[in-house]
2 protein chains.
Amino acid sequence: MNEQLLLANVRSSLIRQEETIIFALIERAQFLTDTVIYEPGHFGDALEGESLVGFILRECERSHAKVRRYTSPDEHPFFDNLPAPILPPIHYSENPLHENMVNINPLIRSAYEKGIMPHICEDGDDKQYGSAAVCDAYTLQSLSKRIHYGKFVAESKYRARTSAFREAIVSADRAALHDLITDRDVEESVLDRVAAKARAYTREIADATLSPCVAPESIVHVYENWIIPLNKQVQVEYLLER
Amino acid sequence: MNEQLLLANVRSSLIRQEETIIFALIERAQFLTDTVIYEPGHFGDALEGESLVGFILRECERSHAKVRRYTSPDEHPFFDNLPAPILPPIHYSENPLHENMVNINPLIRSAYEKGIMPHICEDGDDKQYGSAAVCDAYTLQSLSKRIHYGKFVAESKYRARTSAFREAIVSADRAALHDLITDRDVEESVLDRVAAKARAYTREIADATLSPCVAPESIVHVYENWIIPLNKQVQVEYLLER
């Protein structure tokens, strides 16, 4: 039984994922932007046309696919053509989701590389390419999980107000769905909690080391401008397939 | 120029690595011990005789080796026979270390799987095998980097008191070297700082979610009983090859 997939545990799982994401952002922000790691081809032909970050992320997904990471309903790969699992399949009998093909990882990767990463990292090149790219791959995976958790959130909302949702779904009314899933109070409380955590988790670092450390308000900004909107986009896309 | 390798920056780098390790331990501790992931062969022949953790760690090292992670003087692989880098070599002109072959990763892996992980995780099986194993691989890499940083620490101490060290080195006097490198005041201040950070970083989680959260004193215990002693062992081994 995978209790994290139960709708009753969605809120607790989302709260716990805040730590993962904040830690990941703090880790990445110790390095400068190092923009060459996002340029396809910059490191030559050996990376098969990928950027360094893309290469590391794809290699990571290839190995995790072998141990069936992407058979779990709360995991979504960034790459196609991954190897088949070498472990026997798990049956996720507790999976509450309706069958769907929603995967907005291309949007997430673009938002991360062009928006989030430059927002949290100081501009420059410190030659920490491998370390920064490993952080990027981990952060992208954490963001993808959090954002696609919108499916569980949407399913929960759908079950609570099925008839209102059905009406918007049958007419493919994206604006109505967007309104139905939006809860400003919950969004405010997420941002307040993230702000409190970000302050707590960055306080010690800024005092004690020479490493750059991300500002707490930058982490809140990442939630407000990318994570929450992309999460809502997943909710709408999921509902449209429901 | 990789400034992290400069002896002047060793202290700052060690302090910054505390965040990485504490975050990694907190992340792992949200899952139960899941001991089957450490059993070679438990998941069948497809993992080539490795445990799930060993398999994920080795796959990770294979991809990172391709992007030359283990050519950096502060990185040490757990596995042999890794693929050659596909990127051109970097020349670490700033590397202050004497040539050496010290790599105590087998000890670190054993200490982690038998000591550290069971100390920070609640006993049990929550079926989160993949997630837990990914955390393990990352934690092992962070611990390895921190512990092998003892080489830089030892080099720094050697340069400050060369004649005292040379005497112990020529007679291969491990006990004398151990005494020479030991600074109880520094160890105390590391433990105090780790305790303060661990309290700050675990406070929010314990309040807000159902996930198990590691106790701050367990993280201090990990430093006191494994990280610091293994770091000192690296220092002694390095000096004996100096």
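Conventions used here
Residues numbered from 1 in each chain as written. Chains lettered and ligands numbered in written order. Predicted model: local features only at pLDDT ≥ 70, side-chain atom pairs only at ≥ 80, totals over all residues. Heavy atoms only, no water. Helix = DSSP H or I, 4+ residues; strand = E, 2+ residues; numbered from the N terminus. Rg over C-alpha atoms; globule rule 2.2 N^0.38 Å. Buried < 20%, exposed > 50% of the residue type's maximum accessible area, 1.4 Å probe, protein only. Contact = heavy atoms within 4.5 Å. Lys, Arg positive; Asp, Glu negative; His and termini not counted. Charge placed at Lys NZ, Arg CZ, Asp CG, Glu CD. Buried area = accessible area lost by both parts, 1.4 Å probe. Salt bridge = Lys/Arg side-chain N within 4 Å of Asp/Glu carboxyl O. Polar contact = N/O pair within 3.5 Å; in protein donor to acceptor, adjacent residues only side chain to side chain. Nonpolar A, V, L, I, M, F, W, Y, C, P; charged D, E, K, R; others polar. Axes fitted to C-alpha atoms, helices over the stretch in contact; angles between N-to-C directions. Parallel < 35°, antiparallel > 145°, perpendicular 65-115°, else oblique. Left-handed = near helix turned anticlockwise from the far one by under 90°. Least-squares fit on C-alpha atoms with pLDDT ≥ 70 in both. Patch = residues over 30% accessible without salt bridge, like charges linked within 9 Å, V, L, I, M, F, W, Y side chains within 5 Å. Areas by Shrake-Rupley, 256 points an atom, 1.4 Å probe, with all protein chains shown as cover. Core = buried A, V, L, I, M, F, W, Y, C linked by side-chain atoms within 4.5 Å. Expected span 1.5 Å × (residues − 1). Bend = angle between axes of the 7 residues up to and from the residue. Phe/Tyr/Trp six-rings, centres within 6.5 Å; stacked < 30°, edge-to-face > 60°.

**Student:** Would you mind going over the overall build of chain A in detail, with residue names and values included?
**Tutor:** When helices and strands are counted, chain A shows nine helices and zero strands. In chain A, the succession of α and β elements from N to C terminus is α-α-α-α-α-α-α-α-α. Its C-alpha atoms give chain A a radius of gyration of 19 Å, near enough to 18 Å, the size a compact globule of 242 residues would have. Referenced to the eigenvectors of the C-alpha coordinate spread, the extents of chain A come out at roughly 55 × 40 × 35 Å. Looking at the 242 residues of chain A, the share that counts as buried comes to 59%. Residue pairs in contact within chain A that sit at least 24 positions apart in sequence constitute 76% of those at least 6 positions apart. Taking the 26 positively charged and 37 negatively charged side chains of chain A as two groups, their mean positions are separated by 5 Å.

**Student:** How would you sum up the interface of chain A and chain B? Please name residues and give values.
**Tutor:** Interfaces are often sized by the accessible area lost when the parts come together. Contacts between the two partners involve 44 residues from chain A and, on the opposite side, 44 residues from chain B. Roughly 4,000 Å² of surface becomes buried between chain A and chain B when both sides are summed, with 61% attributable to carbon and sulfur atoms. Joining chain A to chain B, the criterion identifies four salt bridges. Inspection of the chain A/chain B interface yields 10 residue pairs in polar contact (both at pLDDT 80 or more). Considering each element in turn, the side of chain A that touches chain B owes the most residues, eight residues, to helix α1 (residues 10–29) of chain A. Taken together, the residues of the side of chain A that touches chain B sort by class into 23 nonpolar, 11 polar and 10 charged.

**Student:** I'd like a rundown of the packing of helix α7 (residues 174–181) of chain A against helix α9 (residues 216–240) of chain A, residues and numbers included.
**Tutor:** Residue and element names in this part refer to chain A. Where α7 contacts α9, the two axes come as close as 10 Å, and the packing angle between them is 120 degrees. Accordingly, the angle class assigned to the pair α7 and α9 is oblique. Helix-helix and strand crossings are classified by hand; for α7 and α9 the assignment is right-handed. From α7, Arg-174, Leu-177, His-178 and Ile-181 reach across to α9, where they touch Lys-232, Gln-235, Val-236, Glu-237, Leu-239 and Leu-240. Classifying every residue of the contact of α7 with α9 by side-chain character gives five nonpolar, two polar and three charged.

**Student:** Talk me through the relation of the copies chain A and chain B; I want residue IDs and the actual numbers.
**Tutor:** Note on the identical chains: chain A maps onto chain B by a rotation of 180 degrees and an axial translation of 0.0 Å, with an RMSD of 0.0 Å. Considering both components of the superposition, the chain copies are consistent with a two-fold axis. With an isologous cut-off of 70% or more, the 100% of interface residues of chain A that recur at the interface of chain B puts this contact in the isologous class.

**Student:** An account of a negative patch on the surface is requested, with residue identities and associated values reported.
**Tutor:** A contiguous patch of negative charge, built from Asp-183, Asp-185, Glu-188, Asp-192 and Glu-224 of chain A, is present on the exposed surface. For the negative patch, the element with the most residues is helix α8 (residues 184–208) of chain A, which contributes three residues.

**Student:** Help me get a handle on the environment of Thr-35 of chain A, residues and values and all.
**Tutor:** Structurally, Thr-35 of chain A can be placed in the loop between α1 and α2 (52–66). Assessed through its relative accessible area of 44%, Thr-35 of chain A is described here as partly exposed.

**Student:** I'd love a proper account of the nonpolar core, names of residues and values included.
**Tutor:** Within the largest apolar cluster, 152 residues are counted, with the highest numbers of intra-cluster contacts made by Ile-37, Leu-52 and Leu-239 of chain A together with Ile-37, Leu-52 and Leu-239 of chain B. Among all residues touching Leu-52 of chain A, those that are not within four sequence positions of it are Ile-37, Phe-43, Leu-47, Tyr-129, Gly-130 and Ala-133 of chain A together with Val-67 and Leu-87 of chain B.

**Student:** An account of the side chain of Gln-30 of chain A is requested, with residue identities and associated values reported.
**Tutor:** With respect to the helices, strands and loops of the structure, Gln-30 of chain A is situated in the loop between α1 and α2. A distance of 3.0 Å separates a polar atom in the side chain of Gln-30 of chain A from the backbone oxygen of Glu-27 of chain A.

**Student:** Describe in detail the environment of Asp-74 of chain A, supporting the description with residues and values.
**Tutor:** Residues and elements named next belong to chain A. Relative to the assigned elements, Asp-74 resides in the loop between α2 and α3 (105–120). Since its relative accessible area comes to 5%, Asp-74 is described here as buried. Along the chain, Asp-74 and Leu-5 lie 69 residues apart, while their C-alpha atoms are 7.6 Å from each other. Apart from residues no more than four positions distant in its own chain, Asp-74 is found in contact with Leu-5, Lys-145, Tyr-149 and Phe-152. A polar atom in the side chain of Asp-74 sits 2.6 Å from the side chain of Ser-72.

**Student:** Explain helix α9 (residues 216–240) of chain B to me, and be specific about the residues and the numbers.
**Tutor:** Residues and elements named next belong to chain B. The end-to-end C-alpha distance of α9, which contains 25 residues, comes to 35 Å, matching closely the 36 Å that a straight helix rising 1.5 Å per residue would cover. Tyr-223 marks the point of greatest bend in α9, at about 35 degrees. With 18 of 25 residues buried, α9 is to be regarded as a mostly interior element.

**Student:** Lay out unusual backbone geometry in plain terms, naming residues and giving numbers.
**Tutor:** Phi is positive for Asn-81 of chain A, which is not a glycine, with a value near 55 degrees. Take Asn-81 of chain A: it is sitting in the loop between α2 and α3. A positive phi angle, near 45 degrees, is found at Asp-34 of chain B, a position not held by glycine. Looking at the secondary structure, you find Asp-34 of chain B in the loop between α1 (10–29) and α2 (52–66).

**Student:** Give a description of the side chain of Asn-105 of chain A that names residues and reports values.
**Tutor:** With respect to the helices and strands, the residue Asn-105 of chain A is situated in helix α3. For Asn-105 of chain A, the contacting residues outside a window of four places in its chain are His-76, Pro-77, Phe-78, Ser-144 and His-148 of chain A.

**Student:** Could you give me a rundown of a positive patch on the surface, with the residues and numbers involved?
**Tutor:** Taken together, the side chains of Arg-199 and Arg-203 of chain A together with Arg-199 and Arg-203 of chain B define a basic patch exposed on the protein surface. Every element with two or more residues in the positive patch is listed here: α8 of chain A together with α8 (184–208) of chain B. Relative to the helices and strands, Arg-199 of chain A resides in helix α8. For Arg-199 of chain A, a relative accessible area of 46% corresponds to the partly exposed category.

**Student:** Describe the packing of aromatic side chains, with residues and values.
**Tutor:** Under the criterion given, the structure shown has 11 aromatic pairs over all chains. Here the aromatic rings of Phe-23 of chain A and Tyr-201 of chain A are separated by 5.1 Å at their centres, their planes lie at 55 degrees, and the arrangement is tilted. One end of the pair, Phe-23 of chain A, is in helix α1; the other, Tyr-201 of chain A, is in helix α8, and 178 residues separate them in sequence. On the basis of relative accessible area, Phe-23 of chain A is assigned to the buried category, the value being 3%. Geometrically, the ring pair formed by Phe-43 of chain B and Tyr-129 of chain B is edge-to-face, given 5.7 Å between the ring centres and 70 degrees between the ring planes. With Phe-43 of chain B in the loop between α1 and α2 and Tyr-129 of chain B in helix α4 (residues 129–148), this residue pair connects regions lying 86 residues apart in the sequence. Residue classification places Phe-43 of chain B among the buried positions, given a relative accessible area of 13%.

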